[in-house]
Amino acid sequence: MTSPHRPPDASPPAGERRSFSGRIDGGARGNPGPAGIGVLLEEEDGDRDEYYAFLGTTTNNVAEYAALLVLLVRAFKRGATDLSVRADSELLIKQMKGTYRVKNPKLQVLHAAARKLMGRIPRVTLRHVPREENREADRLANRAMDERGSSEPLPEEVAALVVSPPQGAFSFGERG
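This one's a predicted model, so the numbers in the text were calculated from it and none came from an experiment.

### Here we look at the overall build of the protein chain
Regarding its fold elements, the protein chain presents 5 helices and 5 strands. Ordered by position in the sequence, the α and β elements of the protein chain form the string β-β-β-α-β-α-α-β-α-α. The burial tally for the protein chain puts 47% of its 176 residues in the buried class. Taking the contacts inside the protein chain whose residues are at least 6 apart along the sequence as the reference set, 74% of them involve residues at least 24 apart. Summed over its atoms, the accessible surface of the protein chain is roughly 9,700 Å², and 50% of this surface lies on carbon and sulfur atoms.

### Section: the nonpolar core
Residues Ile24, Ile37 and Leu83 are the most contacted members of the largest nonpolar core, which totals 41 residues. At 12 residues, helix H1 (residues 60-77) tops the list of elements feeding residues into this core.

### Overview of the pattern of salt bridges
Using the criterion set out here, one finds 15 salt bridges in the structure. In this structure, Lys94 engages Glu90 in a salt bridge whose closest nitrogen and oxygen atoms are separated by 3.1 Å. In this pair, Lys94 and Glu90 are both assigned in helix H2 (residues 90-97), 4 residues apart and thus about one turn of the helix distant. For Lys94, a relative accessible area of 26% puts it in the partly exposed group. Judged by relative accessible area, which is 39%, Glu90 ranks as partly exposed. Beyond isolated ion pairs, a larger network of salt bridges with shared partners links Glu42, Arg48, Glu50, Glu136 and Arg139.

Definitions and limits used
Residues numbered from 1 in each chain as written. Predicted model: local features only at pLDDT ≥ 70, side-chain atom pairs only at ≥ 80, totals over all residues. Heavy atoms only, no water. Helix = DSSP H or I, 4+ residues; strand = E, 2+ residues; numbered from the N terminus. Buried < 20%, exposed > 50% of the residue type's maximum accessible area, 1.4 Å probe, protein only. Contact = heavy atoms within 4.5 Å. Areas by Shrake-Rupley, 256 points an atom, 1.4 Å probe, with all protein chains shown as cover. Core = buried A, V, L, I, M, F, W, Y, C linked by side-chain atoms within 4.5 Å. Salt bridge = Lys/Arg side-chain N within 4 Å of Asp/Glu carboxyl O.

Right, dumping it as structure tokens:
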């Protein structure tokens, strides 16, 4: 739910601080396997935005990055100036903080995209939390996997990075 006072994609007036907290989770049943994400975005005033999406077949780590990317896109579009991100993926948090290197080529692309998006929000903090403190995001990710559905489509910029075409799909003349 968004604020009735301002459209969800409106930038804040100059100098206005808009603080958000976000909880994210990504999961795959099998690795790779059917995967989903859950994203919970809350504004300081209590406005709450829940999002879930089915990703098709991918890995758990790709799903975790997809959840982070969706959170960053949604927070940016709502005019966030301050975003606190909580996730139960220690790997994701440590890679985003630079404690761990990103070795997997697919994750390197997702990591670079997340860093770029983080640069568009003035202050972003990342924190690893135990799974017990991330139940709501986990519930949303499981809903996506159970229903094999989404609350709304993935943002195009995220879908382009995360969703692979089905095996055997034609490229229709694209090279690469």
